[in-house]
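Spelled out, the chains give:
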Amino acid sequence: MNKNSSNKMAMASNTSKKRETVCIFGTGDFGRALGHKMIQAGYPVVFGSRSTQTSSLIPKDAEVLSHAEAAQKAAIIIIAIQREHYNFLTPLAEILHGKVLVDVSNSLKINQYPESNAEYLAQLVPGAKVVKAFNTVSAWALQSGTLDASRQVFVCGDDMEAKQMVMDIVRALGLTPLDQGSLLAAQEIENYPLQLFPMWKFPILLSLGLITFFFFYCLIRDVIYPYVYENKDYSFFIAISIPNRICPILALILLALVYLPGILAAIIQLYRGTKYRRFPDWLDKWMLCRKQLGLVALAFASLHVLYTLVIPIRSFVRWRISSRTISKALNNETEPLNTTNAWLSDSYLALGILGFFLFVLLGITSLPSVSNNVNWREFRFVQSKLGYLTLILCTVHTLIYGGKRFLSPSSYRWYLPNAYMLSLIVPCIVLVVKFVLIFPCLDKPLTRIRQGWERNPQYSE
Ligand code: NAP
C-alpha cells in the first residue's frame, strides 16, 4: 500500500469525529491548497476573500464569503495572505477578538522586518490568539501530496490551547507538528525556509577551499616542475590525472573530518569532567553537519573510482606501456615478476575496493528512508564502528599507494612532498587519538561522564 493511500485511510478514520469549521483568509495558491487538504481531512472550510465569487480553482465543497462573514463561522482563521496586506485586518479586530489566527506567511529575506510576521499580526489584532504554523510546507507539496520531505510543521504561539488546536489540525492532515515554544520563536521559523542549504554550507565551502589548494599544489608539482626541469609538457594532466589525485585526497580528509569533532568532544568532556556543559558553537555546528561532510566525501570517492576506471583507456597510459614494451623488446630485456610489488599493488586495490564498499554503505545508511528503519544501536554501529573501519581501510590504501616512495627524498619536488602524503595528516591524527581514547584509563571515565557522572558537579553550568 502506498503512503498516500495510508494517509487517506488515517484521515478517513479521523473524519468520523465531527470537525470544526476552519476559515481561510485568501484564495491564493496556499489558501486553496490548504483548503483542499482540509476538506479531504473532513474539515468544513469557508474562505474569506475580497471577492465572493467562486471559481473552478477553489475546492468545490468550500464556501467563499466576505472576510467578516467567514470569520464569524469559525474559531480558527488561517491567514493565507502576504504580511504586506495585513492592514485590512485592523477593521476586523472586533470580529477576530478571541479567535485563533494562524500565520502561515514567509518573508522574502532573512530578518526582513524587526519583528516576525506572526508578532506583527498579534500587534495588529491584539485580542486574537496568534499561532505560527505551516510556513515550511509548500502549496505544491500540499496539492500534489508529495509531503515526504516536509512532513514536519513547526508550530509556536503564546496561547497553549490555541496552539493545541492548530497542532490537532496539523496531525489530522497527516503531518507532524513540532512545538517550538512561544511566539518569540516565530522569527526563527520564518527564517528557516529562506536558508540556503544551511548544513551543506560548511562542507561545500571547505571542499572548494581544499580543491583550490590541492589543484594548485598538484599543478606546481606535476605540471610546472617537469616543464621547468625536463621541458616536458604534461599540461593534459589537468583533465584526469590531477582530478584523480584531488578526489581521493578530499574523500579521505573529509571522512576524517566526520570523526574529528567526536574526538574533540570526547577530549573536552574528559577535560571538563562533565557532559552538562555546552560545547563551543563551532564544534556544535561542525557536529551537526557530519552527515553532509560524509556525503560530500562519498561523492569524491565515487569520482575517484570513475577516474580510476578510465586509466587503461587513456592515450598517455597506453603510449607509456607500449613504448616500455617496445624498448624492452628492442634491448632484448625481460623483467621477472616482482612478487612484493604484486602484493603491494593487489593489497592497495583490495583495500580501495573494500573501503569504497563501506563508504557506500555509510552513505546509504545515512539516508532518512534507511536510517528510519534501523534502531539507534544499529545506526551507531554502522556510522561509528564501520565508519572508523572505512577510515582505516582508506588510510592504509593511501599508505600502500605511497609504498616504497613514501617519504623517499626523490619524491620531493621543490621541497613539496606528494599531495597524498598531506592527505594522510588528518586521518592519522584522528586514528591515533581514537586509539589512545579506547585505552581503559580514558575510556572508562569517558563512558561514566557520558552516562551522567560529573567529576566536579559544582563547576558545571
Ligand atoms: P498568493 O497566491 O499571491 O495569494 C495571496 C492571497 O492574498 C490572494 O489570493 C488574495 O486572496 C489575498 N490578498 C492579496 N492582496 C490582498 C489585499 N490587499 N488585501 C487582502 N487580501 C489580499 O500567495 P500564496 O502563495 O497563496 O501565499 C499566501 C501566504 O502563504 C503568504 O504569506 C506566503 O508567504 C504563505 N506561504 C505560501 C506558500 C506557498 O507555497 N505558496 C508556502 C508557505 C507559506 P483573495 O483574492 O481571496 O482576497
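All residue numbers refer to positions counted from 1 along the written sequence of the respective chain. In keeping with the model being predicted, local features are shown solely for residues with a pLDDT of at least 70 and side-chain atom pairs are shown and tallied solely at 80 or more, while totals for entire chains, interfaces and linings include all residues. The basis for the side-chain values is all heavy atoms of the structure; hydrogens and waters are excluded.

In the annotation of an unreviewed UniProt entry, the entry for the chain reads STEA4 Metalloreductase, and the organism field reads Balaeniceps rex. UniProt positions are given in the numbering used here, feature names are shortened, and annotations may be inferred rather than shown by experiment. Database annotation for the chain, UniProt heading Sequence similarities (unreviewed entry): "Belongs to the STEAP family." Check the Subcellular location (unreviewed entry) section of the UniProt entry for the chain; it says "Endosome membrane".

A. Structural context of a positive patch on the surface. By definition, no residue in a patch forms a salt bridge, and every one has over 30% relative accessible area; like charges are joined within 9 Å, nonpolar side chains (Val, Leu, Ile, Met, Phe, Trp, Tyr) within 5 Å. To be clear on the numbers: accessible area is Shrake-Rupley with a 1.4 Å probe, and residue cover counts the displayed protein chains and nothing else. Salt bridges are identified by distance alone: a Lys or Arg side-chain nitrogen within 4 Å of an Asp or Glu carboxyl oxygen. For the purpose of counting charges, residues Lys and Arg are taken to be positive, whereas Asp and Glu are taken to be negative. His and the chain ends are not included. Charge placement uses NZ in Lys and CZ in Arg. For Asp and Glu, CG and CD serve respectively. Among the surface-exposed residues, Arg377, Arg380, Lys385 and Arg450 lie close enough to one another that they form a single positively charged patch. If one sorts the elements of the positive patch by residue count, helix H16 (residues 376-402) sits on top with three residues. When you line up the elements, Arg450 lands in helix H19 (residues 440-450). For the exposure calls, accessible area comes from a 1.4 Å probe over protein chains only, and a residue counts as buried if that area is under 20% of its type's maximum, exposed if over 50%, partly exposed in between. Residue classification places Arg450 among the partly exposed positions, given a relative accessible area of 41%. Labels follow the DSSP assignment, with helices taken as runs of H or I lasting at least four residues and strands as runs of E lasting at least two, numbered in each case from the N terminus.

B. Region of the structure containing the UniProt feature "domain: Pyrroline-5-carboxylate reductase catalytic N-terminal" (unreviewed entry) in the chain. Those places that UniProt annotates as "domain: Pyrroline-5-carboxylate reductase catalytic N-terminal" (unreviewed entry) correspond, in this numbering, to residues 21-106. Helix makes up 26% of residues 21-106 and strand makes up 22%, while its end C-alpha atoms are separated by 25 Å.

C. Geometry of the packing of aromatic side chains. Two rings from Phe, Tyr or Trp (for Trp, the six-membered ring) form a pair when their centres sit within 6.5 Å of each other. Planes less than 30 degrees apart are called stacked, planes more than 60 degrees apart edge-to-face, and all others tilted. All told, the structure shown has 23 aromatic pairs when counted by the stated rule. Aromatic pair Phe213 and Phe214: ring centres 5.0 Å apart, planes at 80°, arrangement edge-to-face. Taking 6.0 Å as the distance between ring centres and 70° as the angle between the ring planes, the aromatic pair formed by Tyr234 and Phe316 counts as edge-to-face. Linking Tyr234 in the loop between helix H9 (201-230) and helix H10 (241-272) with Phe316 in helix H13 (residues 315-330), this pair joins segments that are 82 residues apart in sequence. Grouping aromatic residues by their ring pairs yields a cluster made of Tyr234, Phe236, Phe237, Phe316 and Trp319. Over a ring means this: the NZ of a Lys or the CZ of an Arg is within 6 Å of the ring centre and within 35 degrees of the ring normal. The aromatic ring of Tyr120 is capped on one face by Arg83, whose charged end is 4.2 Å from the ring centroid. The side chain of Arg448 reaches across the aromatic face of Trp453, ending 4.3 Å from its centre.

D. Inspection of the pairing of strand S5 (residues 100-103) at higher detail. Every second residue of S5 is oriented toward a common face, with Val100 and Val102 on one face and Leu101 and Asp103 on the other, all of them buried. Across four bridges, strand S4 (residues 76-79) lies against S5 in parallel orientation. Looking at the pairing, Ile77 lines up with Leu101 of S5. Viewed along the sheet, the connection from S5 through helix H5 (residues 117-124) into strand S6 (residues 129-132) turns out right-handed. At least two bridges found by DSSP between two strands is the condition for calling them paired. Handedness rule for crossovers: strands pointing away from the viewer, path from the first strand over the helix to the second running clockwise, crossover right-handed.

E. Empty space enclosed by the protein, seen in detail. Note on definitions: the grid is 1 Å and covers protein atoms alone; a cavity is a set of points where a 1.4 Å probe fits but cannot get out; a pocket is an open set with protein on both sides within 12 Å along at least five of seven lines; lining residues have an atom within 4 Å of a point. Grid points are joined across faces, edges and corners, and a volume is the space filled by probe spheres set on the points. Counting across every chain of the model gives one cavity of 30 Å³ or more. Of the pockets and cavities examined, the largest cavity occupies roughly 50 Å³. Taken together, Ser107, Lys109, Asn111, Gln112, Tyr113, Glu115, Ser116, Asn117, Gln187, Glu190 and Asn191 make up the full set of residues lining the largest cavity. Put simply, Ala, Val, Leu, Ile, Met, Phe, Trp, Tyr, Cys and Pro go in the nonpolar bin, Asp, Glu, Lys and Arg in the charged bin, and everything else, Gly too, in the polar bin. For the lining of the largest cavity, a count of residues per class yields one nonpolar, seven polar and three charged.

F. Inspection of the pattern of salt bridges at higher detail. As enumerated under the stated definition, the model contains 15 salt bridges in all. As a salt-bridge pair, Glu63 and Lys73 come within 3.4 Å of each other at their nearest N and O atoms. One end of the pair, Glu63, is in strand S3 (residues 63-65); the other, Lys73, is in the loop between helix H3 (67-72) and S4, and ten residues separate them in sequence. For Arg245, the salt bridge is made with Asp222, and the minimal N-O distance between the two is 2.8 Å. Of this pair, Arg245 sits in helix H10 while Asp222 sits in helix H9, placing them 23 residues apart in sequence.

G. Geometry of the environment of Ile321. Considering the arrangement of structural elements, one finds Ile321 in helix H13. According to the relative accessible area criterion, Ile321 is exposed, its value standing at 52%. For the pair Ile321 and Leu260, spaced 61 residues apart in sequence, the C-alpha to C-alpha distance is 42 Å.

H. A look at the site of the ligand. Near the ligand there are 19 residues, and of these Thr27, Phe30, Ser49, Asn106 and Ala139 occur at the shortest range. Within 3.5 Å is the distance limit for a polar contact, defined as a pair of N or O atoms, with the added protein rule that one can donate a hydrogen and the other accept it, and that residues adjacent in sequence qualify only through two side-chain atoms. Gly28 has a polar backbone atom sitting 3.1 Å from an oxygen atom of the ligand. Between the ligand and Ala139, the relevant distance is 2.8 Å, taken from an oxygen atom to a main-chain nitrogen or oxygen of the residue. Each residue belonging to the shell around the ligand can be placed in one class, and the counts come to seven nonpolar, ten polar and two charged. The cutoff for a nearby residue is simple: one of its non-hydrogen atoms must lie within 4 Å of the molecule or strand.

I. Representation of the packing of H10 against H19. Only the contacting stretch of a helix is used when fitting its axis, a line to C-alpha atoms as for every element, and angles between N-to-C directions run 0 to 180 degrees. Here H10 crosses H19 at 85°, and the two axes come no closer than 10 Å. Considering the angle they form, H10 stands roughly perpendicular to H19. Facing Gly262, Ala266, Gln269 and Leu270 of H10, the residues of H19 in contact are Leu442, Pro445, Leu446, Ile449 and Arg450. Residue composition of the contact of H10 with H19, grouped by class: six nonpolar, two polar and one charged. Roughly parallel here means an angle under 35 degrees, roughly antiparallel means over 145, roughly perpendicular means 65 to 115, and every remaining angle is called oblique. Here, two residues are considered to be in contact whenever any of their heavy atoms come within 4.5 Å of each other.

J. Just the side chain of Glu119, in detail. Tracing the sequence through the fold places Glu119 in helix H5. No salt bridge is formed by the buried Glu119. Its closest oppositely charged neighbour is Arg83, at 7.6 Å. With residues up to four places along the chain from it excluded, the contact list for Glu119 reads Leu183 and Leu184.

K. Local environment of the domain arrangement of the chain. Domain annotation for the chain reports domain 1 (22-194) and domain 2 (198-330 + 338-451). For domain 1 versus domain 2, the distance between C-alpha centres works out to 48 Å. The split into domains, and so the bounds of each, comes from an automatic or database assignment of domains.

L. Main features of the nonpolar core. Think of a nonpolar core as a cluster: buried Ala, Val, Leu, Ile, Met, Phe, Trp, Tyr and Cys residues, connected wherever their side-chain atoms sit within 4.5 Å. Counting residues in each nonpolar core, the largest one holds 53 residues, and the members touching the most others are Phe214, Leu254, Phe359 and Val430. When residues in this core are grouped by element, the largest group, 20 residues, is from H10. Beyond its immediate sequence surroundings of up to four residues, Val430 is in contact with Ala256, Tyr259, Leu260, Ile263, Tyr388 and Leu391. Grouped together as the second largest cluster of nonpolar side chains are 36 residues, Val45, Phe47, Val137 and Val153 included.

M. Just helix H2 (residues 29-40), in detail. Given a helix with a known number of residues, its expected span is that number minus one, times 1.5 Å. Taking 1.5 Å per residue as the helical rise, H2 with its twelve residues ought to reach 16 Å, and the 17 Å between its terminal C-alpha atoms agrees with that figure. Across the twelve residues that make up H2, a large majority, nine, are buried. All buried positions along H2 are accounted for by Phe30, Gly31, Arg32, Ala33, Leu34, Gly35, Lys37, Met38 and Ile39. Immediately beyond the C-terminal end of H2, within one or two residues, lies Gly42, with a positive phi of roughly 95°.

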